[in-house]
Every structure is written in structure tokens, then in C-alpha cells.
Amino acid sequence: MSDKPKLERQAMCDRLAMEFQDEWIVNLGVGMPTLCSNYTDSSKEIIFHSENGVIGYGPLAEEGKEDKHLVNAGGQNVTAVPGMAIVHHADSFALIRGGMVDVTVMGAYEVAENGDFANWRIPTRKGGGIGGAMDLAACAKRVFIAMEHTTREGSPRLLKKCNLPVTAPSAVKLLATDLGLFEIASEGFILKEYAPGWTLEEIQAETEAKLTLATDAKEFRFR
Amino acid sequence: MKNKIYDSFDQAVSDIPDGSTVMSPGFGQVGVPRNLLAALNRQGAKHLTAVSNNAGTLDDKIDIGTLIEAGQVKKMICAFTAPTHPSQVTPFVQMYNNDEIDAELVPQGTLAERMRAAAAGIGGFYTPTSVGTELAEGKEHREINGRMHVLEYPLPGDFALIRAWRADTFGNLQFRMAQRNFNPIMATAAAVTIVEIEDKIVEVGELDPDHIHVPGVYVNRLIQIPSDGIFG
């Protein structure tokens, strides 16, 4: 395993957020994906949707200025911005299943080369935590994943086939890890951008699935 | 007009029998009917089927986890039967691991829609959510407009415990911000709806009929949270 520096979580999320387009409705999963909302590009107007029915919320509230009734999917206090709307949970998921969400960004345990991904259950533990992930994964226009390239023990997470129960089949389009940016195409994982200093061979060594180098592959950029 | 206003939480939940299906909303600690849940905990009804987004949190706030820890809940229907992080070993997790409580795991949107179907008199619906996952196993599948769906059934409740912002004396309800979450769905999906009010109960006619989130016809009992009650 290489000991070269890997990408920071904020860089991974900034890179995914760079893909957001003007007027997109964006749903950010709990945990790392919420970092995507720190990326700002004044040329685009992004509408953040939270599964609890908040459509068009603003940045995290400053300490002491929280509105106790206004939280995002992770229970963090966010701010109201002009144009925000509130619906109840069934209407919030009607919006999701109805195909209004342009992209959902989620964390994952595993992603497979056919776009399957797993993020809700580990068979050694009883039960699972689905939340809104299955609805979002099945119905958002795009699924982006932000996750570390390997497990804490160094096992690969970009796999030929998911070992864990899947959240949705063939869902993932784009994946940012701490080693690069990957697209999922018919031939599997395409390495689009690599962490500074890393080669395809070094990244492949940390990956179970076969990686294909994009014809226009370049160093990872996040600003 | 029938008087729906109660002055004690204990009285408002006194007739909830053992074996009831009790719905209680809340998401991210907002919109949880903590005063009514505390009263149901004191009342002691057992063998409950509880419907909530999750099965309680680790903090010391009163939520459905309080009733689970007290052994009042036989089955949990929710979107999280494992915590988001393995370090969060809640009373539910301990009991579930020991087979001391039953649970049904439902994707969050399907959970909300099953309750809406119950409220709306719909016998079931087909959703693309969960297709291709182990949660769809054994369920009726149907291809509609070229896409595979699974059949889901309505989920009605016997009682809904609700937290709202404002009401009129007839029970017309308004919620504030993300407090709304599952509240209107559960208020309409249960046979008996009991509401704790955070701000105030006003006279009928004072709320704009165009700005009612739950019509009073669904609401059976109302109670204002007193100044020494739980507001968070």
C-alpha cells in the first residue's frame, strides 16, 4: 500500500459539488456528503432538499442563531433562505420518487463496477439503517458517492460485485474517493482524475475491480 | 362543538390499551411529541406496535426509545433498525440483538406513503423503491411503464401522538418549519389523534383556512404544553 498523501474529505466533496449545475435540486446524505454544501460557486443557484421536507435551505446556522425547528437530514440546524418551502414527509418523498431530485450524494461501504452500491446493512450486525437512501437511490436522476477508497483495514471498496446487501442496483454514476474521481460506464470504473502523485497502477493496487484510465485523465482538481 | 381540549397529558392518553398501534413523529429531534410519550410511558400500556422514523436515540430526551426501554413496545416499524453508527447502542439495539423486540424495517419514503395510503383509503401502491434489494424479496413485483415496482400496503394506526405549533379549538393544526415532518401523515393515518401544542390554542376562526396543515376533523384531543412542559 502506498503511503502517498490522499485527498481530504472536503476536497472529495468539493469535486462532486463542482458537478452540480445551475438550478439543480440536490439532496445530501448524512455525514461526509453534507460537506458538499460548503462548496460555493456564485454562478450557480443550487436548491438543497432535505428528506424531512425542507426545500431550498441555506448554510448551517451560526451558533446562538439556530432556529430549533429547522434541521437538515442529519439533524443539523440550517438556515432559512428566501424561496424556501416546507412540505410533510410523504410529499417530500413524492418529490424524490417523482424524479425531481437532480442528484443525491451519499456515503457507501461498497460500490460495484456495474453501479450497484451498498450503504445500509452489515450482515454481522442485526438490522439496518435505510432512512431515505433506497428512495433516493432508486429515484434521483443521478447518484454520486463520496467514500474512502479502502476500508480502515485496507480492503478494497471498489468491487466487481457488492458483498453487502445493495441499496439499489446500477445506480451510481460518479464516485469521489480519497484517491480520485471515477465514473461508472458500461466497461466499469473509469479513472477520470487521480490524487496528486498517484499513478493508475498504484490506485489499481488498492482496487478489486478493473480500472480503465479515461482518455482525458488528469490530476484531481477541486477548485 | 365538542370540546377537544384536555388539561392533562395523562388524561389524554389514559385509554390507550395494550396492543395498540401507536404512531409518533419526529425527525432530527424536531416535532417529537415528548409530553404525550412521557404520559404514555407513565400510563404503562404494553405490547404496543410503534411506528416512528427511528427507534430512539442515545440522549436522555423522551422519545419512543423511552417506551422501548420500559418494555412497552412489542414491535417497532421504522426506517432505522440499526443506528447510523455502530457505537450508538441504544436500548432498542440491545433488545433487538437479544430478540426481545420485533421490528419491521421500511424505507422512509415507503413508510410515509404507506401511512398516506391508509389515510387516503388506498388499498396499496407500487413503488420503485427497494426493487433489486433484499427488502423487496417476497413482495409482489409489477412492471409499469417499463419500470419494475413492488407492491406496498397501507399502514394505519390506532393512535397518533402529534406535536404541532398552533391549533384552534376545533383542532385545525399548523406546524412550524421542519417540525411538520411525519406529523400530518400520522395525524391523518390514525383512528385517534392526540396533539400537544407548542405555541398556543386559539379560538376557531382565528386561523386562516388556507393555511391549515391538518384539518381539525382528524384531531380528537388537544393539549397545550404548559410552561413547565417539554418544548424541545
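Source: prediction; values computed, not measured. (Residues numbered from 1 in each chain as written. Chains lettered and ligands numbered in written order. Predicted model: local features only at pLDDT ≥ 70, side-chain atom pairs only at ≥ 80, totals over all residues.)

Draft legend 1. The overall build of chain B, seen in detail. Regarding its fold elements, chain B presents six helices and 11 strands. Against the compact-globule benchmark of 17 Å for 232 residues, chain B has a radius of gyration of 18 Å, which places it among compact chains. Burial statistics for chain B: of 232 residues in total, 53% are counted as buried. Of the contacts formed within chain B by residues at least 6 apart in sequence, a portion of 77% connects residues at least 24 apart. (Helix = DSSP H or I, 4+ residues; strand = E, 2+ residues; numbered from the N terminus. Rg over C-alpha atoms; globule rule 2.2 N^0.38 Å. Buried ≥ 20, exposed ≤ 12 C-beta atoms within 10 Å, placed from the backbone. Contact = placed C-beta atoms within 7 Å.)

Draft legend 2. Inspection of the overall build of chain A at higher detail. When helices and strands are tallied, chain A shows four helices and 13 strands. Here the C-alpha atoms of chain A give a radius of gyration of 17 Å, agreeing with the 17 Å that 2.2 N^0.38 yields for 223 residues. For chain A, the C-alpha atoms occupy an extent of roughly 50 × 40 × 30 Å along the three principal directions. A buried classification covers 49% of the 223 residues belonging to chain A. Long-range contacts, defined here as pairs at least 24 residues apart, represent 63% of the contacts in chain A between residues at least 6 apart.

Draft legend 3. Seen up close, the interface of chain A and chain B. Each side of the interface is counted separately: chain A has 35 residues, and chain B has 39 residues. Elements with a contribution of two residues or more to the side of chain A that touches chain B: helix 2 (89–97) and helix 3 (133–139) of chain A. Per-element accounting of the side of chain A that touches chain B gives the leading share, five residues, to helix 2 of chain A.

Draft legend 4. How the structure looks around the sheet that holds strand 3 (residues 54–60) of chain A. Residue and element names in this part refer to chain A. Ordered by their spatial adjacency, 10 strands build an open sheet running 4-3-2-1-5-8-10-11-12-13, and the pairing between neighbours is mixed. Of all the strands in the sheet, just strand 4 (78–86) and strand 13 (211–219) have a single pairing partner and so form its edges. Recorded for the sheet is a direction-independent mean angle of 30° between the axes of neighbouring strands. With five bridges connecting them, strand 12 (residues 188–194) and strand 13 associate as parallel partners. When the bridges of strand 13 are listed, Phe189 appears paired with Leu211. Along the sheet, helix 1 (residues 9–17) makes contact with strand 5 (103–106), strand 8 (143–146), strand 10 (172–177) and strand 11 (180–185), crossing strand 10 at roughly 150°. (Pairing = 2+ DSSP bridges. Axes fitted to C-alpha atoms, helices over the stretch in contact; angles between N-to-C directions.)

Draft legend 5. Local environment of the pairing of strand 7 (residues 147–152) of chain B. All names here are of chain B. Summarising the sheet, strand 5 (residues 125–127) and strand 7 pair through three bridges and their orientation is antiparallel. Following the sheet pairing, Thr127 is matched in strand 7 by Val150. Of the pairings in the sheet, the one linking strand 6 (residues 141–144) to strand 7 comprises four bridges and is antiparallel in character. Considered in strand 7, the bridge of Glu143 is made with Met148. Two successive antiparallel strands, strand 6 and strand 7, enclose a turn made up of two residues, where Asn145 displays a positive phi of approximately 50°.

Draft legend 6. Structural detail: the pairing of strand 12 of chain A. All names here are of chain A. Direction of pairing for strand 11 relative to strand 12: antiparallel, over a ladder of six bridges. Its bridge partner lying in strand 12, Glu183 is registered against Ile190. The hairpin turn running from strand 11 into strand 12, its antiparallel successor, is two residues long.

Draft legend 7. Region of interest: helix 2 of chain A. Looking at helix 2 of chain A, one finds that the buried residues are His89, Ala90, Ser92, Phe93, Leu95 and Ile96 of chain A. Buried residues along helix 2 of chain A sit in contact with strand 2 (47–50) and helix 3 of chain A together with helix 5 (108–120) and helix 6 (183–189) of chain B. Downstream of helix 2 of chain A by a residue or two, Gly99 of chain A has a phi angle that is positive, lying close to 85°.

Draft legend 8. Representation of the packing of helix 2 of chain A against helix 5 of chain B. Viewed as axis vectors pointing N to C, helix 2 of chain A and helix 5 of chain B meet at an angle of 120°, and their least axial separation amounts to 9 Å. Taken together, the axes of helix 2 of chain A and helix 5 of chain B are oblique relative to one another. Helix-helix and strand crossings are classified by hand; for helix 2 of chain A and helix 5 of chain B the assignment is left-handed. Together, His89, Ala90, Phe93, Ile96 and Arg97 of chain A of helix 2 of chain A and Gln108, Gly109, Ala112, Glu113 and Arg116 of chain B of helix 5 of chain B make up the contact between the two elements. (Parallel < 35°, antiparallel > 145°, perpendicular 65-115°, else oblique. Left-handed = near helix turned anticlockwise from the far one by under 90°.)

Draft legend 9. Structural view of unusual backbone geometry. Residues and elements named next belong to chain B. In this model, Gln29 sits at a positive phi of 75°, which is unusual for a non-glycine residue. Topologically, Gln29 is positioned in the loop between strand 1 (21–23) and helix 2 (34–43). A count of 15 C-beta atoms within 10 Å places Gln29 in the partly exposed class. At Asp99, a residue that is not glycine, the phi angle is positive and equals roughly 55°. Here Asp99 is to be found in the loop between helix 4 (91–97) and strand 4 (102–105). In this structure Asp99 comes out as exposed when scored by C-beta crowding, with 8 C-beta atoms within 10 Å.

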